[in-house]
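Geometric and topological summary
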Amino acid sequence: MTDRETELLNSVPDGLFIGGSWRPSSSNATLSVHDPATGEVIREIADATPADGMAALDAAVMAADSWAATPARRRAEVLRRAFDLLQERREDFALLMTIEMGKPLAEARGEVAYGSEFLRWFSEEASRIQGRYGPNPENTGRMFVTQHPVGPCFLITPWNFPLAMATRKIAPALAAGCTVVVKPAALTPLTTLLLVKILQEAGLPDGVVNVVTTSSSSALSEPIIADPRLRKLSFTGSTPVGQSLMRQAATGVLRTSMELGGNAPFVVFGDAALGKAVDGAIAAKFRNIGQACTAANRFIVHTSIAQEFARRVTERVDGFKVGRGTEDGVTIGPLIDAKAVTKADDLVSDAVQRGATVATGGAAIERTGTFYAPTVLTDVAPGSDILREEIFGPVLAISTFDTEDEAVALANDTEYGLVSYVYTEDFSRGQRMIERLHTGMMGLNVGVVSNAAAPFGGWKMSGLGREGGAEGIHEYLQTKYTLTPSPFG
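Residues numbered from 1 in each chain as written. Predicted model: local features only at pLDDT ≥ 70, side-chain atom pairs only at ≥ 80, totals over all residues. Heavy atoms only, no water.

1. Considerations on the overall build of the chain
Looking only at helices and strands, one finds 15 helices and 22 strands in the chain. The C-alpha atoms of the chain give a radius of gyration of 23 Å, which matches the 23 Å a tight globule of 489 residues would have. Projected onto its principal axes, the C-alpha positions of the chain cover 75 × 65 × 40 Å. Out of the 489 residues belonging to the chain, those deemed buried represent 57%. Considering only contacts in the chain between residues 6 or more positions apart, those separated by 24 or more positions represent 73%. (Helix = DSSP H or I, 4+ residues; strand = E, 2+ residues; numbered from the N terminus. Rg over C-alpha atoms; globule rule 2.2 N^0.38 Å. Buried < 20%, exposed > 50% of the residue type's maximum accessible area, 1.4 Å probe, protein only. Contact = heavy atoms within 4.5 Å.)

Below you can see the structure in the form of structure tokens.
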């Protein structure tokens, strides 16, 4: 640990942020945050109890009316100031994410750029919340349709993009006039705690954002979700956990946004520009060490180019440098924990047992930390677990197809529908694939689709609702229709 890293970690608050104040857990318990590259404990922070969670909700409820009544321009100015302050401290945020999550520093800088854009985008959307006015069809009255903040929100963020997932939820909620309780993942909570300091400095009123860190997510979340004062639940994470949360949310008929699991197909047709397809494959698979819900999971490649595609991606993967993300030139950092390494290894082993060939990698790396070798598998057989389960690791699995209909059938053969990727130089085929693939997002000849100005979300078991774009703020608004008599009698 360098002096700069130690100084940065010590600057991160170690308490719960409730009602504008930092406080310890009511039980005085703490949880340990680790560097996955070394296994070292890097910080001890407050471990919230259910009572702390309810105190955070109390603070959000208390601030709700005042924040909802705050002019949209004022809300926008707070978000814009937060964006500017985050830009000033972008190197601190990038380094902090690299330490607590493991991603290479270059990728962490990219997340700062991406995550901060949600603050800027929704600062601009805050004053664009629209309604409508007009006569009813009978001309007996006038209809007013207005939008209002949905109310206090509970936001549960994942560990893999600790800044972007926080800003993607917090920014639209604040822009819409909602107050929030945020529960970051226990594996990577430090970035959210540092973000709160930025929001404070930007002038956010007390109680509008509250953050509770905990090692007992379900125990803390259940009473918050059951409280009738809560009106919105937003979660990013696995589908099974999302299903459980939706069952809990049903009791109070809560508005829900669920960004859940993925099993993204990456389809490469025989007419694809192969160099571009390889570049896209590397970006879509190995971004964030493969630990992204948008990561390409199944590479479905036309038989005429499959061998050359595999050769080229293997050559690129063999050139990766594995190590702690702060080291110069590192492209692959550690997986988040030992369970992630075991899962990747199990999926690779199952594929090999069913006939797949390991072109490179294929095993955990024997060194301190939780590292798995970047891997390319070819000839992955139908029925392999790796084609059904989200890998969440640096494993690129290739299978083949012969016809367009076969490619579509293979791509859609999953319960998930978050994102798909297609490479083809045939314009008409590209348009057909837009129509035929069952995913909420698609990259056509591009390997990264996420953008603050775009609606992020999936179909089927990949979730409900959208984050980002013009659609994102509407997840935190509710519609009211008012009828008045005709002014003409």
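Anyway, onward from the coordinates.
2. Considerations on the sheet that holds strand E18 (residues 419-423)
The strand order across the open sheet built from 7 strands is E14-E15-E16-E13-E12-E18-E19, with neighbouring strands paired in mixed fashion. In the strand order of this sheet, the two ends are held by strand E14 (357-360) and strand E19 (441-444), each with one partner. Between one strand axis and the next, the sheet turns by 25° as a mean value, whatever way the strands run. Pairing analysis gives 3 bridges linking strand E12 (residues 264-268) to E18, with the strands arranged parallel. Counted as the bridge partner of Val268 is Tyr423 from E18. (Pairing = 2+ DSSP bridges. Axes fitted to C-alpha atoms, helices over the stretch in contact; angles between N-to-C directions.)

3. Quick look at the packing of helix H13 (residues 404-412) against helix H14 (residues 427-436)
Axis separation between H13 and H14 bottoms out at 11 Å; the angle between their running directions is 35°. Crossing hand, H13 versus H14: right-handed. Together, Glu404, Asp405, Val408 and Asn412 of H13 and Arg429, Arg432, Met433 and Arg436 of H14 make up the contact between the two elements. (Left-handed = near helix turned anticlockwise from the far one by under 90°.)

4. A closer look at unusual backbone geometry
At Asn139, a position not held by glycine, the phi torsion is positive, near 60°. Here Asn139 shows up in the loop between strand E5 (132-135) and strand E6 (141-149). The class of Asn139 is partly exposed, set by a relative accessible area of 42%. In this structure, Asn445 is a non-glycine residue whose phi angle is positive, near 65°. Mapped onto the secondary structure, Asn445 falls in the loop between E19 and strand E20 (459-460).

5. Re the packing of aromatic side chains
Inspection of every chain in the model, using the stated rule, returns 10 aromatic pairs. Look at Phe17 and Trp22: their rings are 4.8 Å apart centre to centre, the planes differ by 50°, and that puts the pair in the tilted class. The partly exposed category is assigned to Trp22, whose relative accessible area is 30%. Residues Tyr114 and Phe118 carry aromatic rings whose centres are separated by 5.1 Å and whose planes lie at 70° to one another, so their mutual orientation is edge-to-face. With Tyr114 and Phe118 both in helix H5 (residues 105-125) and 4 residues apart, the pair spans about one turn of that helix. For the pair Tyr114 and Phe118, a shared accessibility class is recorded, and that class is buried. (Phe/Tyr/Trp six-rings, centres within 6.5 Å; stacked < 30°, edge-to-face > 60°.)

6. Structural notes on the environment of Asn28
Turning to its location among the elements, Asn28 is positioned in the loop between strand E2 (21-23) and strand E3 (30-34). Once the C-alpha coordinates of Asn28 and Thr49 are considered, the two residues, 21 residues apart in sequence, prove to be 9.4 Å apart.

7. Points about the layout of surface pockets
Here the largest pocket defines a volume of roughly 1,000 Å³. As for the largest pocket, its lining consists of 39 residues, and the residues nearest its centre are Trp159, Phe235, Gly237, Ser238 and Val241. At the level of elements, helix H8 (217-226), strand E10 (232-236), helix H9 (239-251) and helix H12 (338-353) are the ones that each hand at least two residues to the lining of the largest pocket. At 6 residues, H9 tops the list of elements feeding residues into the lining of the largest pocket. For the lining of the largest pocket, the class distribution of residues is 17 nonpolar, 13 polar and 9 charged. Size it by volume and the second largest pocket reaches roughly 360 Å³. In terms of lining, the second largest pocket is formed by 18 residues, of which the most central are Pro382, Gly383, Leu387, Leu410 and Asp413. (1 Å grid on protein atoms, 1.4 Å probe; cavity = no way out; pocket = protein on both sides within 12 Å on 5 of 7 lines; lining within 4 Å. Points joined across faces, edges and corners; volume = space filled by probe spheres on them. Nonpolar A, V, L, I, M, F, W, Y, C, P; charged D, E, K, R; others polar.)

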